Amino acid sequence: MSLHGPRRRSRWLFGSTALAAALVAGPAVQPSPATAQDASASLRFWERALQQEVDADSAARMSEAMSAYTGRVGTDGATRRAQYSMNKLAEWGLHPRLESYGVHASVPRDISATMTGPERRELEVKEPPFPWHEGFDDVVVGYNAYSPPGDVTADVVYVNYGLPDDYAELAKMGVDVRGKIVLARYGQSFRGVKSKVAEEHGAAGVILYSDPADDGFTKGAVYPDGPWRNADSIQRGSVQYIFQYPGDPLTPGKPATPDTPRIAPSEADNMTSVPTTPISYRQAQHLLAALQGPPAPEGWQGGLDLDYRVGPGPTRVDLDLDIDYQQIPVNDVIVEIPGSKHPEQKVVLGAHFDSWTYGTEDDVAGWTTLMEAARALAELRDRGWQPERTIVLAGWDGEEYGLLGSTEWVEQHRADLFKNALVYLNMDGAGGGENFSAGSVPALDRVLTDIAKDIRDPEHGTLYRNWQQSSGEQNPVPERLGSGSDYTAFLDHLGIASAEFGTSTPGGEYHSAYDDLHLMRNFLDPGYRYHEVSAAYAGTFALRLAGSATAPLVYSDYAAAVAGHLRDLDEKQTGQQIVDLTPAYAAAREWEKAAKQLENGRHVHADAVYDALIAQERALTQQEGLPGRDWYKHMVYAPGLYTGYAVQPLPAIDDAITDRDTATAEKYRDLLIDSLHKAAEAARGAAG
C-alpha cells in the first residue's frame, strides 16, 4: 500500500505531449531525429526522461526496508543494508561489488555515568522506546566513537560550547578545568573539537549534551509530536579528530587492507585521549541544577529552567566507559555504469548507508535517494541510453565513525581517481526534508545552479526557487566545503572537484534513537516527495557531467573566489602586515585570465578541455600538505582546526596570520602561488 495515497503526476510533467508519449513507450524509446540533432539536445532528452522516471513510492519502499533495523558500522545491521543494496542493484540489471576494509575502531561494552555529588543519581545513557520501535535492543547506548575507555571521577565545570573562547572566558573568572570533567553543549563546532580543546586544557573527561535552546523544546514541538529533540534524546557521534585525518587511524594515507602495515594506536594523532560521552538534556539538567560557582555569562544561558552556573562542583560525576578497540569490517557498495566513449573518465556519486541507530534521515535518506537515481539510470540504459563517461555510484559504510569507507576507498584507488575522476557529488541527508541547500568548489557553482533551475519542485515550482526561499538569497551560491562528510578524501586529499546537496526540514533528532520512520513520515518528508526531487537532481547531475562533450566546470569562477579569499586575509592583517599577498593576487588573476580563455575557446578539443579541468583542481594540492596535518593536501579549502566541519579558506596562511608566524605564512603563500601558476598553465595548455 502506498504510504501517501494517489500521486498527482500531472504536476511533474514537462509540458511536451510528444516527449511524454515517448517516455512511456518503453525500452525501445530513442530520441527522435529532431531531438537528437546535437549531443546537447540528446542529453536534455535523457535528463527529462530520468526526471520523469524517479518515483517517490519506490524511494519510500527502500526507506522502509532499510529503516526497519539499526545500521551501525561493524554490526549485522550494516551488513544487512549492504546486502539489500547489492540485491536491488543486481535486480535492476546493474553489477554491484562489495569492497571491504578492516578498520581500527571503538566498540562500547558498558557505558555508565553516575552523579556522585551533591547527591547520587544514575544517569540514563539510552532513550526509552516508543511502541513502533522494532529491534530496540540493537540501538546502541549513547556513546562517542573513538573516545578512549576510562573510569574518571571528578567535579564538573560547565564550559558552554567548549570552544577556545569559552575557556578563555573561564580563565577570566578564575575557573581552572584541570582534572575536572567538563560539561559542554553540542553546537557551534564539531564534537571532536570539544574533546580536543578539553584535552588541551587538561580536563579529565568530557560530557556532551544537547541543550534545548539549540535543538529542543524552545524550537517547537518535540518528538513524537514534532521534529525537535525531546528531553530523553541523546546525540551520539564520533570524536575522531577528522581535522587531522579521517579514516582508519592506523593506516593514514593508505587503504586499510590486509597487506597494509599499521602504525601503533599510540602513534595515531586523530584520536582524543580524554574520555568523552553524551547524555540527554533531561540528565544534564540534574548536573547543571546542582552546580555552584560563578554565574554563567549571559550568552551561556541555555533553554533549561534554571540559572546556569559554571562550577566547579559541588556537582561531581563518575564516568565509567568500558570501550574496546578492535578491527571492524567496513563494506562499501560500488556499482559502475561504463562510459561509451571515455570509460576511463569517471563521475562519482556517493552517500553513506551506515547510521548511528535507525538513521532514516541520516543517511538512509541520502542512500535511498541515490539508489532511486540508480534504478532510474538502469531503466534509461534499457531504453538505449549510455553515458559517455563512466558513472560510479557508491554506498559508503562507516561514515558516522569518521568517513571510514569513503576514505579507505579513495586511498585504495588513489592512482586511478587522481588521473581520471572529474567530480564527486555527495548526498548526506538528501531527501531528508523540503529545504534545498548545496555546497561545492567554485567551479561547480554554475552547474549546481543550472540543474536546480531544471528540477521541478512540488511546493515551489522549481528547486531553484526552493533554494532562494531556504537561503533567503535572491541569487543563492553554494557554500564552500570543509569536512564532516564523504567528500573529504576526494577534495581535501586528492584534489577532485566536489559538491554536495541536501534537502532538510528543521528538527533536532540528529544521531538519536528517534531518527526513524515516524520522524520521516510525519515531519521531515511526508509522502517522500523530496526523496523523488533529490533523486531527480542527483541523476541529472550524473547525466550532465558524464554526458556533456566538455564538462561544465568554470575555473575562472574558482580563480575569482581565491582572489576574494586573499582580500579577506588582507583585511584580517590590517594594521600590521604578516605576509605580503600581492604576488598571490597576481597569480590568481593570471589563472582567471587563462581559465576564461579556455572557457571561451571555440575550437578546443574536448579531450584537452577535460584534461585541463582535472589538472586545475589537482594543481591546488601540494604534496607537503598543511602544517601539522599533511593528509590534507588542498591549499585553498580545508576544515579549520577549531571549526571542525566548517571550511577555512586558505587555511595554512590564515592560521599563520593568526599566530603572527611570518615564516609559515610566506612558505604557504609561495606554495599557493605555485598551485595557482600550475592551474593557469593547465588552462593555457588546453587553450592552445
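Residues numbered from 1 in each chain as written. Predicted model: local features only at pLDDT ≥ 70, side-chain atom pairs only at ≥ 80, totals over all residues. Heavy atoms only, no water.

Asker: Hey, could you go over the overall build of the chain for me, with residue numbers and the actual values?
Answerer: Summing up its helical and strand segments, the chain has 22 helices and 16 strands in all. What you see for the chain is a C-alpha radius of gyration of 25 Å, in line with the 26 Å of a compact globule of 688 residues. For the chain, the spread of C-alpha atoms along the three principal axes comes to 80 × 65 × 50 Å. The proportion of buried residues among the 688 residues of the chain is 61%. Total accessible area computed for the chain in this model is approximately 24800 Å², and 47% of it derives from carbon and sulfur atoms. For the chain, the separation between the mean place of its 61 positive charges and that of its 96 negative charges on side chains is 5 Å. (Helix = DSSP H or I, 4+ residues; strand = E, 2+ residues; numbered from the N terminus. Rg over C-alpha atoms; globule rule 2.2 N^0.38 Å. Buried < 20%, exposed > 50% of the residue type's maximum accessible area, 1.4 Å probe, protein only. Areas by Shrake-Rupley, 256 points an atom, 1.4 Å probe, with all protein chains shown as cover. Lys, Arg positive; Asp, Glu negative; His and termini not counted. Charge placed at Lys NZ, Arg CZ, Asp CG, Glu CD.)

Asker: Account for the nonpolar core, with residues named and values stated.
Answerer: Of all hydrophobic cores here, the largest spans 154 residues; its most connected members are Leu553, Tyr558 and Trp591. If you tally residues by element for this core, the top one is helix 17 (residues 529-547), at 11 residues. The residues touching tyrosine 558, leaving out its near neighbours within four places in the chain, are Val441, Pro442, Ala443, Trp591, Glu617, Leu620, His634, Val636 and Tyr637. With 49 residues, the next largest nonpolar core counts Ala154, Leu163, Ala203 and Leu304 among its residues. (Core = buried A, V, L, I, M, F, W, Y, C linked by side-chain atoms within 4.5 Å. Contact = heavy atoms within 4.5 Å.)

Asker: Residues and numbers for the environment of serine 189, please.
Answerer: One can find serine 189 in the loop between strand 5 (181-185) and helix 6 (191-200). On a C-alpha basis, the gap between serine 189 and leucine 163 in space is 7.9 Å, while along the polypeptide they are 26 residues apart. What serine 189 contacts, discounting residues up to four positions off in sequence, is Leu163, Lys194, Tyr642, Thr643 and Gly644. Among the polar contacts listed, one links the side chain of serine 189 to the backbone oxygen of threonine 643, at a separation of 3.2 Å. (Polar contact = N/O pair within 3.5 Å; in protein donor to acceptor, adjacent residues only side chain to side chain.)

Asker: Would you mind going over helix 14 (residues 463-471) in detail, with residue names and values included?
Answerer: Those residues of helix 14 that sit buried are Leu463, Tyr464, Asn466, Trp467 and Gln468. Those residues of helix 14 that are buried are in contact with strand 13 (435-440), helix 13 (445-454), strand 14 (456-457), strand 15 (461-462) and helix 17. Immediately downstream of helix 14, the backbone of glycine 472 shows phi near 75°, a positive value.

Asker: Summarise the confidence of the model for the chain; cite the residues concerned and give the values.
Answerer: Low-pLDDT stretches of the model should not have their predicted coordinates read in fine detail. Here the chain averages 93 in pLDDT, and 94% of its residues register 70 or above. Within the model, the stretch residues 1-37 combines pLDDT values under 50 with 56 contacts to residues more than four positions away or in other chains. (pLDDT = per-residue confidence, 0-100.)

Asker: So what about unusual backbone geometry? Which residues, and what values?
Answerer: Residues other than glycine predominantly adopt negative phi, and peptide bonds predominantly adopt the trans conformation. A cis geometry characterises the amide bond from tyrosine 223 onward to proline 224, with omega recorded as 10°. With respect to the helices and strands, the residue proline 224 is situated in the loop between helix 7 (212-215) and strand 7 (237-238). Of note, asparagine 160 is a non-glycine position whose phi angle comes to about 60°, a positive value. Under the relative-accessibility criterion, asparagine 160 is labelled buried at 4%. At glutamine 188, a residue that is not glycine, the phi angle is positive and equals roughly 75°. As for its position among the elements, glutamine 188 is in the loop between strand 5 and helix 6.

Asker: How would you sum up the side chain of arginine 629? Please name residues and give values.
Answerer: Positionally, arginine 629 belongs in the loop between helix 20 (606-619) and helix 21 (651-658). Aspartate 655 is the oppositely charged side chain nearest to the buried, salt-bridge-free arginine 629, at an N-O distance of 4.4 Å. Within the structure, the side chain of arginine 629 is placed 3.1 Å from the backbone oxygen of phenylalanine 243, a separation counted as a polar contact. From its side chain, arginine 629 meets the backbone oxygen of proline 639 in a polar contact 2.8 Å long. Residue contacts for arginine 629: discarding those within four places in its chain leaves Phe243, Gln244, Pro639, Gly640, Leu641, Gln648, Pro651 and Asp655. (Salt bridge = Lys/Arg side-chain N within 4 Å of Asp/Glu carboxyl O.)

Asker: Quick rundown of the packing of aromatic side chains? Include the residues and the values.
Answerer: Per the counting criterion, the structure on display carries 30 aromatic pairs. Between phenylalanine 130 and tryptophan 132, the aromatic rings sit 5.2 Å apart at their centres with planes inclined by 10°, giving stacked as the arrangement. Taking the relative accessible area as the measure of exposure, phenylalanine 130 reaches 21% and is therefore partly exposed. Their ring planes at 35° and their centres at 6.2 Å tell us that tyrosine 555 and tryptophan 591 sit as a pair that is tilted. Here tyrosine 555 is found in helix 18 (residues 555-572), whereas its partner tryptophan 591 is found in helix 19 (residues 582-600), with 36 residues between them in sequence. On the basis of relative accessibility, which here comes to 1%, the residue tyrosine 555 falls in the buried class. Among the aromatic residues, those joined into a cluster by ring pairs are Tyr143, Tyr146, Tyr325, Trp356 and Tyr401. Above the face of the phenylalanine 418 ring, arginine 618 is positioned so that its terminal group lies 5.4 Å from the ring centre. Directly above the aromatic system of tyrosine 632 lies the positively charged group of arginine 629, at a separation of 5.4 Å from the ring centroid. (Phe/Tyr/Trp six-rings, centres within 6.5 Å; stacked < 30°, edge-to-face > 60°. Lys NZ or Arg CZ within 6 Å of the ring centre and 35° of its normal.)

Asker: How would you sum up the pattern of salt bridges? Please name residues and give values.
Answerer: Counted under the stated rule, the structure contains 33 salt bridges. The partner of arginine 97 in a salt bridge is glutamate 336, and the shortest N-O contact between them spans 3.2 Å. Taken together, the residues span a long stretch of sequence, with arginine 97 in strand 1 (residues 97-117) and glutamate 336 in strand 9 (residues 316-337) at a distance of 239 residues. Where salt bridges share partners, they join Glu53, Glu372, Arg375, Glu379 and Arg383 into one cluster.

Asker: Can you explain the environment of threonine 114? Please cite residues and give values.
Answerer: Mapped onto the fold, threonine 114 is located in strand 1. Overall, the relative accessible area of 5% leaves threonine 114 in the buried class. For threonine 114 and leucine 543, which are 429 residues apart along the polypeptide, the C-alpha to C-alpha distance reads 55 Å. Residues contacting threonine 114, with those up to four places away along its chain left out, are Arg120, Arg121, Glu122, Arg316, Val317 and Asp318.

Asker: Please set out the packing of helix 9 (residues 360-382) against helix 17 residue by residue, giving values where relevant.
Answerer: Remark: helix 9 packs on helix 17, axes separated minimally by 8 Å, with the N-to-C direction vectors making an angle of 55°. The orientation of helix 9 with respect to helix 17, classified from their angle, is oblique. Here the hand of the crossing between helix 9 and helix 17 comes out right-handed. The residues of helix 17 that touch helix 9, namely those facing Ala365, Thr368, Thr369, Glu372, Ala373, Leu377 and Leu380, are His531, Ser534, Ala535, Gly539 and Leu543. For the contact of helix 9 with helix 17, the class distribution of residues is 6 nonpolar, 5 polar and 1 charged. (Axes fitted to C-alpha atoms, helices over the stretch in contact; angles between N-to-C directions. Parallel < 35°, antiparallel > 145°, perpendicular 65-115°, else oblique. Left-handed = near helix turned anticlockwise from the far one by under 90°. Nonpolar A, V, L, I, M, F, W, Y, C, P; charged D, E, K, R; others polar.)

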